[in-house]
Every structure is written in structure tokens, then in C-alpha cells.
Amino acid sequence: MMKMKSISASKASLVFFLCQMISALDVPLDLSQPPTITQQSPKDYIVDPRENIVIQCEAKGKPPPSFSWTRNGTHFDIDKDAQVTMKPNSGTLVVNIMNGVKAEAYEGVYQCTARNERGAAISNNIVIRPSRSPLWTKEKLEPNHVREGDSLVLNCRPPVGLPPPIIFWMDNAFQRLPQSERVSQGLNGDLYFSNVQPEDTREDYICYARFNHTQTIQQKQPISVKVFSMDSLNDTIAANLSDTDIYGAKPVTERPPVLLTPTGSTSNKVELRGNVLLLECIAAGLPTPVIRWIKEGGELPANRTFFENFKKTLKIVDVSEADTGNYKCIARNALGSTHHVISVTVKAAPYWITAPRNLVLSPGEDGTLICRANGNPKPSISWLTNGVPIAIAPEDPSRKVDGDTIIFSAVQERSSAVYQCNASNEYGYLLANAFVNVLAEPPRILTPTNKLYQVIADSPALIDCAYFGSPKPEIEWFKGVKGSILRGNEYVFHDNGTLEIPVAQKDSTGTYTCVARNKLGKTQNEVQLEVKDPTVIIKQPEYKVIQRSAQASFECVIKHDPTLMPTVIWLKDNNELPDDERFLVGKDNLTIMNVTDKDDGTYTCIVNTTLDSVSASAVLTVVARPNPPLDLELTGQLERSIELSWVPGEENNSPITNFVIEYEDGLHEPGVWHYQTEVPGSQTTVQLKLSPYVNYSFRVIAVNEIGRSQPSEPSEQYLTKSANPDENPSNVQGIGSEPDNLVITWESLKGFQSNGPGLQYKVSWRQKDVDDEWTSVVVANVSKYIVSGTPTFVPYEIKVQALNDLGYAPEPSEVIGHSGEDLPMVAPGNVQVHVINSTLAKVHWDPVPLKSVRGHLQGYKVYYWKVQSLSRRSKRHVEKKILTFRGNKTFGMLPGLEPYSSYKLNVRVVNGKGEGPASPDKVFKTPEGVPSSPSFLKITNPTLDSLTLEWGSPTHPNGVLTSYILKFQPINNTHELGPLVEIIIPANESSLILKNLNYSTRYKFYFNAQTSVGSGSQITEEAVTIMDEVQPLYPRIRNVTTAAAETYANISWEYEGPDHASFYVEYGVAGSKEDWKKEIVNGSRSFFVLKGLTPGTAYKVRVGAEGLSGFRSSEDLFETGPAMASRQVDIATQGWFIGLMCAVALLILILLIVCFIRRNKGGKYPVKEKEDAHADPEIQPMKEDDGTFGEYSDAEDHKPLKKGSRTPSDRTVKKEDSDDSLVDYGEGVNGQFNEDGSFIGQYSGKKEKEPAEGNESSEAPSPVNAMNSFV
């Protein structure tokens, strides 16, 4: 369930402006005006007698008004009363009663008058009354003795206070007494018992009265109630009477309802309009009556009717004259009903229809003051001027009184005054002040200049132009600096100057000018309007059903005006989110981790901006597996059945679909629970079937859509009596394991199936179709018995019967078994083969005699294998295939044969023991078939009008090839095919040059082989002839040369064509049928080193370009050198090298001695001093942890070290990916080649000895070694 609502701030503004619109024109306070009462105390003013009395009277006017008071209709001279002061610049009175003066001394009716030179305004009559909280009168309360079932009323009768107190009942522990349909408090404070029960006996029924004004609570003396039950009353009477007395208290009798309040059948009630109507009916009776309310001749008002106090009180709020009528309460129980009719009359104190409003006129203008009120009865209207009845006030020729209206004509400045309208009836009065102010003022605009209004698109825009002037100015609106006057239906012009745009759009944005003019002048004001995009929830939270402990996530993705900053608030059930770290509020989502049951509820996303508010809600329902059932009970125990009942556990928001009942056999399998049955989720009892000699316990599992509950607590145990077995073992079989035995097996009875102690089995057997007697044996509680010395594979009749200490089970049924099998003795005869086609043959054989099978006939197996291919005489590994044909079948199909081949087969019979002897091998041949596709088709050497085609013979010729068929056709630029040309080529050809082709034309070729049977599948290829230009259309590779060593060769070539070609080198053993090996050349170099070659071997090689079909060089042949002993000269044995090393060692020793002496003297090397003084922060030291050098960082371009400049931490040299790495060119030595193929004697040495990857040597390279490795 999801709800969404949107509230625009502009709608709230609309309400504010409309309220402004209906108010009178306010006179700026810098202009002369009569007084206006702005604040006054309520008419009925109840004050706290312990605090100072403050009677408010505030007014405004120009000049500022002076204030005076009357008390009880006469002038109240505050200067003569030291306890009374008036606040400065105010008419508010403060009565100081802290000096021992009683508040009662200032009770009375007060009225305030505010006066200046232009008139006088008066306040309401303010009735001052101090609150009262009198003590409870002392009274002696007798205990209430009442019979069980009778009604009872405990009277409260609180003291009369001002205002009336709030009544409630509590006990001595200050705990509220529980109330219900049977016991409740009436509107008068009394406590009503519809019928008493023994538990109502207590001695502390206490009525409390709380007086809110004085914050005091008064307590009535405790009331004692003692309820006598009928049983105890009869016992008391019997103890005090003789046996001859015949007396007995009657038992509790049920009674029909009787109303305790109100009494009688009818009553009357008067309520004032706008108040709350409370009607009450409380009834006695047993059982406790139920109250129902109706309105005679009508319906109870919807949305204003409420039931309280267990429906004993009818509450109607904001009553009106329409609520007048007869209201009936009906009390009903099982014995009858009673009713009471309350006649309600709604009266009304005066209320305004049109209250008089201030009137601002210019000299010579006309106007009216209207005062209209209503009430029940109809109120009377009287006028006063400046607080004096208009009849005795000074005459004014410009005014005329006409009932509830005063008409003014041609007013002058002296006509300014304050008029009071008084509307009164017996239930109250209304008093309103309205002044007539005669002014001559040019227009003025009160709204600030350039005020900015912001609204949401598609909502009303209200632009204010508060003004004043006398005569009343006329208002006009313009849009823009030089815009035309605004008119039309798209605008609403209010009397207070407000411009309303009912549906503002984005193009409504701009500057608006308000112009006010009257006969005395003209003024204008500019304001700004901005229309914003509405805030929208584009992805609202969705209803979720989540399992307990899972994660719930609600999304709230919003779109808003970029100039408004939204705030997102999440609520749960209209309250703040719980203070729990499981609630994660993200930018546009709410996530609840590890959901619990208390997370159930409605989640609301509220998005607020300064102009609008939107919200969306979704419900989260937390579901879980049900709680386990409770209170298992066994009833109706019989020998073979029992009734189980239980109470369902909590469903956890997912209805229970079914209950699973399990049982435990504490006698045979304690601790193991078995499935018994299951019942629908609406059922809580089940009749269970029982077995003898079982100690039952039951448990129940509840199941809902989420899963299974935990098992309930086990029921009590129930042990059934022993009996004969009801059933025999199942799945009885007789199968021999050896040729001379019979193994009889069965499934033993479960523990509860034994029906008693001493479970055994009687096993019986006899040979079928032979007049033998049954042989029987009684065995213990096992599941197998072996009969020895039987003939091979003969049928037996078998039966197994259960028995226990009480007797046998019913007679078992017989089953047929067989003694053990032996291998078949005879092979199938008359094996015939019928070849259907080149891949399928059918084989036939004669069945073997059943007696020779010596077991269950399972079928026949056909062994067949290919001897040789008739098109190729080469021998190959023989792979036998086996097909099994189930049952007594005497023929079968042999699929998947190879055409034009020689096969052999034999057939064998199969039983449960194994296979019999094979039939003699049968030879058959398959005929020719169609060949497979040619192994390859290559198109090379494109010229202006010719192409060279090369192909390989089919991998599977499937016969004798007769020819090849070549078809080709041109393809134009729109990929349309031209005429098809067909050429038949002899079978011994492997290449063809096609001539007389069109230049610069693409051709598509279709090529296939055929035998005498037909054509095989074809292979396709495309190629293009070159254009008639000096430069060829496609590049060319020529002059492929090789320089070979023992295990590698340097390949180089010349290339003509466009730049950025990618090359590859293909090579293989010369004369071999194997596929070419391919190596990719990295970059666009024109040389490559082939490594890993076999010494003394002839190779073929060719170079091609990637991406161009058929673009390759011609083949070149080379041969690697033979393996030979190394001709390297060991430099370590040369005399000059030994002398050089000795000299170097001596120099190092001298240098170390000098360093040692200098260090002991504390001196430093000059180089060291410079390094210390000018340490280079760019140079990173060697890392001590792994012995590798740190990176050198250039501050300008931050280039990393070149590849190979760092050594990995595993102390191995990583081989680079590029093929032009100099390390990769050698094979076991560090001799290298330059990029032009020339030799590099030595290119680097290593810092330390490290193992090398692949075939690279770990020795440092030297010129001698390198030269010796190059052959």
C-alpha cells in the first residue's frame, strides 16, 4: 500500500491573503484615527486567588488613546485604590493581592474605554471571578453490603467549585480503578456497577476531585463494598438454622436491563450551538447490558459523532440547530431490553452574520456600517457611539440609523467616531467596535519595493499590493517595465490589491507593477515573481513484505527545482524513526538492517522545500515462520486411536496453512521423531491412529508460506497394549548370489510394527512346479536368510511371516524367486550382416536356447570394429564399439560407420551373471560415400588477370576421388554475384592458375571433391585481382632470407607497401603434412628470430601480412646446424685474464685499507661531505627490506623507470612481452642480434646473479661466449 500527497506553500499563502482580503482597510498608524481595541481579557475570567489579577485592555489609535475603567457599571477610580495600577501606555489593570488582600474583594463586571480626539472604543464586559476549590464536607459513610449480581452506585458528590472539578476514582495506592462495560464512571462522577461480582469487594473506593485552576486535588473518604456470593451466603444460613428449617438463598439470577441513569423513559436536554453535546445512559442487568444509540427520524451526524465510556456516552461535537431531535439509548442483554428517549434542543447565543467593519471615508463621501447577527432566540441589535447609546449621543446630520445599519452621507471630518454594535439574547451577547474615520490622503503602497515572491508552477501565485488612501484608491497591475495593463480571465484582482494568478506557469516569472491612484494623487510599486519547478518523488517507496532478520529498503528519489534545497525526512507511523543504528538513511533511500517484528508499520518519505512539500508512504509487513503451537492435550484414549488438540502460536503476519503432527516411539526409538499426519491450518484437533506396543509422544509443527515453526513441546506419553503383528515384512525377494544358493531377503518391520515383544520371522520356501513340501525356519529379527545346495537358476516359491510373543501375523503372500545364475553356455548362431548404406548396417542372429542362458536373459551385445580403410592402406589403432540390445531381440542397427571401410563383428548373449561366448567374427565392408571438404583452399599471387589456387585433399575421402569441382563468380561493389563458372579438375592436381580474369575484381570461389557416389561438402574463399597501376594495389614481401644456428634462425625479408603492416612468420618441417606453425611479429620490423628449433632439421618458412587473405611470400627452406660439442673458450683459464683479476684485487685491498685508516681518524671523504651538505631529495635510497632499488622520480614529467630497471621481489628477472627484447633472442646464451640481423657481442651485465626465466642463461654475457654460440 502506498500513499502520496503534496502540499504547496502557495496554498497556505492563499489562505492568508483571503483572510486579509475580508478584513477592513487598515489605516497606517502615522495617520489620525480613532482608537481600536487590540487585546482584552475573556468575558468570563476566572482567576487564581493566589496570584495577582491582570485585566487586559490594549488599544491603538492616533493620537494614542487614554484609558478608563468602569466596575459594576460605575466609574472605577484606580487612583483611590492602592492595590490597583495601570500599566504605562496601556489600559491593562494589575490588582496586587499579595499584601493580604483577598481576590474575592475584586469580583465584579469590568469594562475598559480607550479614547482620543476622534472617538472612544469600549471592551466587552469582563466578569472577574476567583476560582474556588472547597473541601469535601465531612460525612459518615456506611459500608455497602450487596449480593452478587445486584447493581450498585457509589456516589461521589464533589464540592461545588469554580470551575467544576475533574472527577476520577482511585484506590489507596493511587492506582486508577479499572473500568469496563460492567463498571464505569458517569458524567456526574458517580461510579456505576451494572452488576457486582465477588472481586468487587474492597474497602478503598476513593473519589478524587481535581481543581485545575488551583492545581489542587480533594479526596473523599474511602467507601467500603462487600459482595456476598450465593454459595457463602447459603453456608452461613445453613450454619445458623436447624435441620427442620427449610431455607436456602436463591442462586444468582439473571435480570433484564434497568436504566440507572437517566431515570424514567424520557428526559430533556438543552445545549448551545457550537458546544459539545454529551448524552449518557447507564444500565443495570445480568448479563451486563450493551448500549446502542439512535436518532429518531434521522441519522447520527457523520464525522462529529463519537462513543465514549464503553458506548454509554454519546458525544456530538460542534452541535448546530440541525442536531435538535430525539435521541434514544437502548440497553439490551439476553433477557430483554429497555430504552430512554432524550429530547435535545439546540439554542444559540448570538453569532455574527456580518460584523461591522472600520470605515475610512474622505470628506463628502457616503458609507454604511452593517451589524447583522443571529441566534436562538433572535438577538436584539443596539448601537452606541463612542460608548454612549446612540439615542442620547450628540446628533450628527451625516448619519441615519436604520435597524442593523447606519447610513452615512456627505461626511465631514467631525463625523469621525467609534460605533459599537451590541447583539444580545438570553444566552449571551456580542459587542463589536467599528470606527468611521474621515481623512483626505493621497495613495500610498505599503508593500515593500522589489519584494520577491516565489511559487511552485501550476499553483496559485498571490502578489500583494497593500495600499491606503482616502478616497479609496483604484489599483491597476502591469507586467514588465513597459507592459500593458493586466486583464483577462487568467488573472483575479482582489479588493485588498492582491493580484492572483490562479495557475502560475514558468513564463509567469517577471516584474509586476502595482499602480494606486485616487483624486489626490498616484503611486506605484514593483515586485518580482519567480515560478519554480515542483518537487516530485519520481521513485516512491513500495509495499514490502520482508522476513524477520532480513534487510528492507525503501527508495525515495526526488526531482526538484535546482534553486530550492530540499530536506528529506523519514517517519514511521507518522512519528520520528526509532533511535536505532539499524535504520540507515541514505541520500534517496531508507534501509532497515536485521528487520524485527517491531519494525512493522507505515514508512513515509517527506520532502520539504521553502515552497512545497511532497510525501509518499509505503507499508512494511514483517513476516516470519509461525511460533510453535502450545498446550498439547491428549483425550479420548483408546487401544488404536487417540485425539490430540493444541493451541496455535502467533502467525507472524503470514497465515498458518497446515499443521504437521509427528510422533516419537519412546520404547523402540527414543529421540527419533516420525511423520504421522498433517491437517489444514484452520484445524486444531485431530484423531490419530495408533499401533500396539508403542510408547507414543506427539508434537505439532505449524507451517506458513515462510516456513515451518519450531516443534511444540512434546505431549504426555501414552503406551498402547501389545498384540499380534498386523503385517508381514515387505519387499520379499529370492535371488541367488552363487550358482548353488538362494538368498531370501526382506525389509524388517519397524519397532512400532512389531505390536509386541519377541519379534521373529518364519521363512518358508519350496521349488516351484515340483511336488515338494514347504521347508521352514524361524529366525531372529534379521532381514536375510541363505538357502544352500540349490540347483542353478530354478524358480522357488517363498514367503516370510512375522511373529512375536503373542502370536503370528496373518498368512503372508507368496513370491517367486530364483536360485543363483551362471554364465551363458552357447553363442548366438547364424550371424548375418546387411549393409544398408555407407554409414549404416543391420545385423541378424538366431536366439540361443533359454536353458543355455542359465539365468535371466538381459539381451545381446554386438561388438564391432573397423579393420582398415579401403582408400588408405595405413594401419591404425583398433577401437571396438559395443551395442547392447535388451531382451530377446534378434537384430539391430549399427550406425555411424565410416564409408569405404572393412569391419568385423561378433554377438554375445548376456544374463545377470555376465556375457556368454562370442560368435565367430563376421567381416563386412561399407561402400563408397561422398568425401569431406578439401582440407584447405588458398589463393595466392594475384595479378591483373590471374589468381593461383592451392588446396589440400579431403581429410576423409570416403572412397576413390574422381575429380575436384571449382566454381567461381565475380562480386561487384554492391555485393551482387555475377555469372557462375564451373571447372572440373583431375583428382591428382593440388594447384591451379586461373587466367583471363578481370582486373581489380573480387571473386568468390566454391571448391569441393567428388567420388563415384557424388560430390562432398564445399569450401569457399574470396580473392581480388590487382589494379592496372605501376604500384600494386596490395603490398608485397620478397627476398625472404634465413641465417640458421643449432636451435634458432634469424628470418629477414623485404617489404613493399603501405606503412603500419602487421607481419607473421609461418614455419614447419620440410616435407611434413603437419599444419604450419605461426608466430606473430611484434611491430612492423622486417626480421624475426625463430627459437626452439631442432638441430640438424630442414625447415620451410614463409612470411605473411595480417588481415589480407592470401597475401604471403613464397616459401624458403633452411636447415639448422647439427648438435656439436661447445667450442667456447673458457676465459677463466686465460693467463691475461688471471693477471688482470689479480691486479684488480690488489687495488681493492689497498683502497679498503685506506678507507679503514681514514674512518678510524674520524675523517670524511670529500665526496661524502658534499653529499651530506647537498643531499638530493629526488634520489630514493635502496629499500632495506627487499634489496631492490626505489623508483627515481622526475619532478617535471614523472616518467617511470624504463622496463628492466627494477628487479621483482621474488629475485627473478621478468621476461618482457615484446618479441624484440634482446634477452629473448638467444637460446641458452646471451649472444644477440641487432634489428638488422647483425650480431651484438655484449649488451649488458647483471648486478647480481639471478635465475632466468625460460631458456635464457643466467651467466653474464661475454664476447667469447656470444661468438661461439653463433654458427
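Positions within a chain are numbered from 1, following the residues in the order the chain's sequence is written. Under the rules for a predicted model, residues below a pLDDT of 70 receive no local features and side-chain atom pairs below 80 are neither given nor counted, while totals for whole chains, interfaces and linings still include all residues. In computing side-chain properties, one takes all heavy atoms of the structure into account and sets aside hydrogens as well as water.

Asks: I keep staring at the overall build of the protein chain and nothing clicks. Help me out?
Replies: When helices and strands are tallied, the protein chain shows six helices and 95 strands. Throughout, exposure labels follow a simple rule: accessible area from a 1.4 Å probe, protein chains only, divided by the maximum for the residue type, with under 20% read as buried, over 50% as exposed, and the rest as partly exposed. Buried residues in the protein chain amount to 40% of all 1271 residues. By definition in these notes, contact holds between two residues if any of their heavy atoms fall within 4.5 Å. The long-range share in the protein chain, meaning contacts at least 24 apart out of those at least 6 apart in sequence, stands at 65%. Summing over all exposed atoms, the protein chain offers an accessible surface of approximately 69600 Å²; the carbon and sulfur share of this is 51%. Helix and strand assignments come from DSSP, with helices taken as H or I runs of at least 4 residues and strands as E runs of at least 2, each series counted from the N terminus. Shrake-Rupley sampling with a 1.4 Å probe provides the accessible areas, and residues are treated as covered by the protein chains on show and by no other component.

Asks: Teacher, can you tell me more about the confidence of the model for the protein chain here?
Replies: Per residue, pLDDT captures the predictor's confidence, and it can take any value from 0 to 100. The predicted model of the protein chain averages 84 in pLDDT, with 84% of residues at 70 or higher. Low pLDDT, under 50, characterises residues 241–249; the stretch is placed with six contacts to residues that sit more than four places away or in other chains. The low-confidence segment residues 1162–1271 (pLDDT under 50) makes 135 contacts with residues lying over four places distant or belonging to another chain.

Asks: I would appreciate a short explanation of the packing of aromatic side chains in the present structure.
Replies: The description of an aromatic ring pair rests on the distance of the ring centres and on the angle between the ring planes. Classification of ring pairs rests on two measures: the distance between centres of Phe, Tyr or Trp rings, Trp counted by its six-membered ring, which must be within 6.5 Å, and the angle between planes, read as stacked under 30 degrees, edge-to-face over 60 and tilted in between. A full pass over the atoms with the stated rule returns 23 aromatic pairs. Note on Phe 193 and Tyr 205: the rings are 5.8 Å apart at their centroids and 80 degrees apart in plane angle, and the pair reads as edge-to-face. Of this pair, Phe 193 sits in strand S17 (residues 191–193) while Tyr 205 is found in strand S18 (residues 202–211), placing the two residues twelve residues apart along the sequence. A residue is classified by how much of its surface remains accessible, and Tyr 205, at 5% relative accessible area, is buried. Taking the centre distance of 6.4 Å and the plane angle of 40 degrees together, the rings of Tyr 1003 and Phe 1005 count as tilted. For the pair Tyr 1003 and Phe 1005, a shared accessibility class is recorded, and that class is buried. A positively charged side chain is recorded as over a ring if its NZ (Lys) or CZ (Arg) lies within 6 Å of the ring centre. The angle to the ring normal must also be within 35 degrees. In this structure, Lys 889 is placed above the aromatic ring of Phe 891, and the distance from its NZ or CZ to the ring centre is 5.2 Å. Above the face of the Trp 1076 ring, Lys 1100 is positioned so that its terminal group lies 4.4 Å from the ring centre.

Asks: Quick question: what am I supposed to make of the sheet that holds strand S4 (residues 53–55) here?
Replies: Backbone-to-backbone hydrogen bonds pair the strands of a sheet. The strands run either parallel or antiparallel. Pairing in this open sheet of three strands is antiparallel, and the strands run S4-S9-S8 from one edge to the other. Only two strands of the sheet have a single neighbouring strand rather than two, namely S4 and strand S8 (84–86). The sheet shows a mean angle of 20 degrees between the axes of neighbouring strands, taken without regard to direction. We call two strands paired when DSSP finds no fewer than two bridges between them. Here three bridges tie S4 to strand S9 (residues 93–95), and the two strands are oriented antiparallel to one another. To obtain each axis, a line is fitted to C-alpha atoms, and for helices this fit is confined to the stretch in contact; angles are then taken between N-to-C directions over 0 to 180 degrees.

Asks: I tried to follow the environment of Phe 1118 on my own but got confused; where do I start?
Replies: Relative to the elements of secondary structure, Phe 1118 occurs in strand S93 (residues 1116–1119). Note on Phe 1118: relative accessible area 7%, which makes it buried. Excluding residues within four positions of it along the chain, Phe 1118 makes contact with Thr 1042, Ala 1044, Ala 1049, Ile 1051, Leu 1090, Leu 1093, Thr 1097, Ala 1098, Tyr 1099 and Val 1101.

Asks: In this structure, what is going on with the state of the cysteines? I would like to understand it.
Replies: Linking two cysteines covalently through their sulfur atoms gives a disulfide. Here, a disulfide means two cysteine sulfur atoms that sit within 2.5 Å of each other. Summed over all chains, the structure comprises six disulfides. Two residues, Cys 57 and Cys 112, share a disulfide whose sulfurs are 2.0 Å apart. Across the disulfide from Cys 57 to Cys 112, rotation about the S-S bond amounts to roughly -70 degrees, and the bridge is consequently left-handed. One end of the pair, Cys 57, is in strand S5 (residues 57–62); the other, Cys 112, is in strand S10 (residues 108–116), and 55 residues separate them in sequence. Assigned by exposure class, Cys 57 and Cys 112 land together as buried. Through a disulfide, Cys 556 is tied to Cys 605; the S-S separation comes to 1.9 Å. Across the disulfide from Cys 556 to Cys 605, rotation about the S-S bond amounts to roughly -65 degrees, and the bridge is consequently left-handed.

Asks: Explanation requested: the pairing of strand S33 (residues 380–385) in the structure shown.
Replies: Relative to strand S37 (residues 417–425), S33 runs antiparallel, the two sharing six bridges. Within S37, the position partnered with Ser 380 by the bridge is Ser 424.

Asks: Before we go on, may I ask you to explain the pairing of strand S92 (residues 1098–1105) in this structure?
Replies: Sheet faces and side chains relate simply in a regular strand, where the side chains alternate between the two faces. Most of S92 sits inside the fold, with seven of its eight residues counted as buried. With seven bridges joining them, strand S89 (residues 1063–1069) and S92 adopt antiparallel strand pairing. Considered in S92, the bridge of Val 1069 is made with Tyr 1099. Here S92 runs beside S93; their pairing, made up of four bridges, is antiparallel. Within S93, the position partnered with Tyr 1099 by the bridge is Phe 1118.

Asks: How should the environment of Thr 1025 be read in this particular structure?
Replies: As for its placement among the helices and strands, Thr 1025 is situated in the loop between strand S86 (1019–1024) and strand S87 (1036–1044). Residues Thr 1025 and Leu 944, 81 residues apart in the sequence, show an inter-C-alpha distance of 5.5 Å. With near-sequence residues (within four places) excluded, Thr 1025 lies in contact with Thr 943, Leu 944, Ser 946, Leu 947, Leu 997, Asn 998, Tyr 999, Ser 1000, Thr 1001 and Tyr 1003. A distance of 2.9 Å separates the side chain of Thr 1025 from the backbone nitrogen of Thr 1001, its partner in a polar contact. Identification of polar contacts relies on pairs of N or O atoms within 3.5 Å, with a donor-acceptor requirement for protein atoms, meaning one able to donate a hydrogen and the other able to accept it, and with residues adjacent in sequence counted only if both atoms are side-chain atoms.

Asks: I would appreciate a short explanation of unusual backbone geometry in the present structure.
Replies: Backbone geometry follows two general trends: most residues other than glycine have a negative phi, and most peptide bonds adopt the trans configuration. The peptide bond linking Thr 261 to Pro 262 adopts the cis configuration, its omega dihedral lying at -5 degrees. Inspection of the secondary structure puts Pro 262 in the loop between strand S21 (255–261) and strand S22 (266–272). Omega for the bond connecting Leu 286 with Pro 287 falls within 30 degrees of zero, at 0 degrees, which places this linkage in the cis form. Along the polypeptide, Pro 287 turns up in the loop between strand S24 (282–286) and strand S25 (290–295).

Asks: Got a minute to help me understand the sheet that holds strand S26 (residues 305–308) in this structure?
Replies: Ordered by their spatial adjacency, three strands build an open sheet running S23-S27-S26, and the pairing between neighbours is antiparallel. Of all the strands in the sheet, just strand S23 (277–280) and S26 have a single pairing partner and so form its edges. Averaged over all pairs of adjacent strands, the angle between strand axes in this sheet comes to 20 degrees, irrespective of strand direction. Two strands pair when backbone bridges link them, and S23 and strand S27 (residues 313–316) are joined in this way by four bridges, in the antiparallel orientation. Looking at the pairing, Glu 280 lines up with Thr 313 of S27.

Asks: Honestly, the environment of Gln 733 in this entry has me stumped. Any pointers?
Replies: Note on placement: Gln 733 falls in strand S65 (residues 730–735). Overall, the relative accessible area of 36% leaves Gln 733 in the partly exposed class.

Asks: What exactly am I supposed to notice about the pattern of salt bridges here?
Replies: Should their charged atoms come close, side chains of opposite charge can pair. The salt bridge definition used is simple: a Lys or Arg side-chain nitrogen within 4 Å of an Asp or Glu carboxyl oxygen. For the structure on display, the rule yields 37 salt bridges. Across the pair Arg 132 and Glu 107 runs a salt bridge, and its minimum N-O distance is 3.0 Å. Of this pair, Arg 132 sits in the loop between strand S12 (126–130) and strand S13 (144–147) while Glu 107 sits in the loop between S9 and S10, and the two are 25 residues apart along the sequence. For Glu 555, the salt bridge goes to Lys 539, with nearest N and O atoms at 3.2 Å. A residue pair is termed long-range when its members are at least 10 positions apart, and Glu 555 in strand S50 (residues 552–555) and Lys 539 in strand S48 (residues 536–539) qualify at 16 residues.

Asks: Looking at this model, I keep getting lost on the side chain of Asn 911. Mind explaining?
Replies: Tracing the backbone through its elements, the reader meets Asn 911 in strand S78 (residues 901–911). In this structure the side chain of Asn 911 is engaged in a polar contact, spanning 2.7 Å, whose partner is the backbone oxygen of Asp 822. One polar contact links the side chain of Asn 911 to the main-chain carbonyl oxygen of Val 853, over a distance of 2.8 Å.

Asks: What's the story with the nonpolar core in this structure? I'm lost.
Replies: Grouped burial of nonpolar side chains is what soluble globular proteins tend to show. Within this scheme, the nonpolar core is defined by two criteria: the residues are buried Ala, Val, Leu, Ile, Met, Phe, Trp, Tyr or Cys, and they are joined through side-chain atoms within 4.5 Å. Formed by 29 residues in total, the largest nonpolar core has its most connected members in Ile 53, Ile 55 and Trp 69. Among the secondary structure elements, those contributing two or more residues to this core are S4, S5, strand S6 (66–71), S9, S10 and S12. Take this core: its biggest share by element is three residues, from S10. In this structure Ile 53 touches Val 47, Leu 93, Val 94, Val 95, Ala 103, Tyr 106 and Ile 128, once residues within four positions along its chain are discounted.

Asks: Explanation requested: a negative patch on the surface in the structure shown.
Replies: Taken together, the side chains of Asp 631, Glu 633, Glu 643 and Glu 716 define an acidic patch exposed on the protein surface. Positionally, Asp 631 belongs in strand S58 (residues 630–635). Residues forming no salt bridge and having over 30% relative accessible area are the ones grouped into patches, like charges within 9 Å of each other and nonpolar side chains (Val, Leu, Ile, Met, Phe, Trp, Tyr) within 5 Å. Just so you know, the count uses Lys and Arg for positive and Asp and Glu for negative, and it drops His and the chain ends. Note that the charge is assigned to NZ on lysines, CZ on arginines, CG on aspartates and CD on glutamates.

Asks: I'm lost on the side chain of Ser 852 in this one. Help?
Replies: Considering the arrangement of structural elements, one finds Ser 852 in helix H3 (residues 850–853). At 2.6 Å, the side chain of Ser 852 forms a polar contact with the backbone oxygen of Pro 849. Beyond its immediate chain neighbours, meaning those up to four positions away, Ser 852 contacts Pro 824, Met 825 and Val 826.

Asks: What is the right way to read a nonpolar patch on the surface from this model?
Replies: Taken together, Leu 1146, Leu 1149, Ile 1150, Ile 1153, Val 1154, Phe 1156 and Ile 1157 make up a surface patch of nonpolar side chains, about 670 Å² in accessible area. Note on placement: Leu 1146 falls in helix H4 (residues 1135–1160). Overall, Leu 1146 belongs to the exposed group, its relative accessible area being 52%.

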